[in-house]
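Each chain, letter by letter, is given below.
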Amino acid sequence: MEACGCGEEHIPWMLAKFGLLGTAGLALGLLVLMMLVGWLLVLGVSLYQRWRFPPVEVEESSRDSLGGFTWRAEDG
């Protein structure tokens, strides 16, 4: 007979099987795994978009910082 009534049947099975640190480690591991899967999905979609719709090359006429602007003295 248990005095406190807090036997193994009252705690979650994962916590009872793996312990507190094991359960926390499993939860953090699943979180990291989900993040990696998300990054791989984003990478796959971006590579597909780059392959399907290549970037358009724009011809630049001027490479200086002013963009072709020249200073002219005002007449008058």
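The structure displayed is predicted, hence computed values, not measured ones.

Novice: Provide a residue-level description of the overall build of the protein chain, including the pertinent values.
Specialist: Secondary structure assignment for the protein chain yields one helix and zero strands. Out of the 76 residues in the protein chain, the part that is buried amounts to 3%. For the protein chain, the exposed surface amounts to about 7,900 Å²; the carbon and sulfur share of it is 66%.

Novice: Quick one: what's the story with the side chain of threonine 23, residue by residue and with numbers?
Specialist: By the secondary structure assignment, threonine 23 is in helix α1 (residues 13–52). Judged by relative accessible area, which is 18%, threonine 23 ranks as buried. Once residues within four sequence positions are removed from consideration, threonine 23 is found in contact with Met14, Leu15 and Phe18.

Novice: Account for α1, with residues named and values stated.
Specialist: One full turn of an α-helix is made of 3.6 residues, so residues set three or four places apart face in the same direction. The end-to-end C-alpha distance of α1 is 48 Å, clearly below the 58 Å that 40 residues give at a rise of 1.5 Å each. Approximately 110° is the largest bend angle found in α1, and it occurs at glycine 19.

Novice: Let's hear about the packing of aromatic side chains: which residues, and what values?
Specialist: Applying the stated criterion across every chain yields a total of one aromatic pair. Ring plane angle 45° and centroid distance 5.9 Å describe the contact between tyrosine 48 and tryptophan 51, whose orientation is recorded as tilted. Within this pair, tyrosine 48 and its partner tryptophan 51 are both found in helix α1, separated by three residues, close to a single helical turn. A residue is classified by how much of its surface remains accessible, and tryptophan 51, at 66% relative accessible area, is exposed.

Novice: Lay out a nonpolar patch on the surface in plain terms, naming residues and giving numbers.
Specialist: On the surface, Trp13, Phe18, Leu26, Leu30, Leu33, Val37 and Leu41 cluster together to form a nonpolar patch covering roughly 720 Å² of accessible area. Structurally, leucine 33 is set in helix α1.

Cut-offs applied
Residues numbered from 1 in each chain as written. Predicted model: local features only at pLDDT ≥ 70, side-chain atom pairs only at ≥ 80, totals over all residues. Heavy atoms only, no water. Helix = DSSP H or I, 4+ residues; strand = E, 2+ residues; numbered from the N terminus. Buried < 20%, exposed > 50% of the residue type's maximum accessible area, 1.4 Å probe, protein only. Areas by Shrake-Rupley, 256 points an atom, 1.4 Å probe, with all protein chains shown as cover. Contact = heavy atoms within 4.5 Å. Expected span 1.5 Å × (residues − 1). Bend = angle between axes of the 7 residues up to and from the residue. Phe/Tyr/Trp six-rings, centres within 6.5 Å; stacked < 30°, edge-to-face > 60°. Patch = residues over 30% accessible without salt bridge, like charges linked within 9 Å, V, L, I, M, F, W, Y side chains within 5 Å. Salt bridge = Lys/Arg side-chain N within 4 Å of Asp/Glu carboxyl O.

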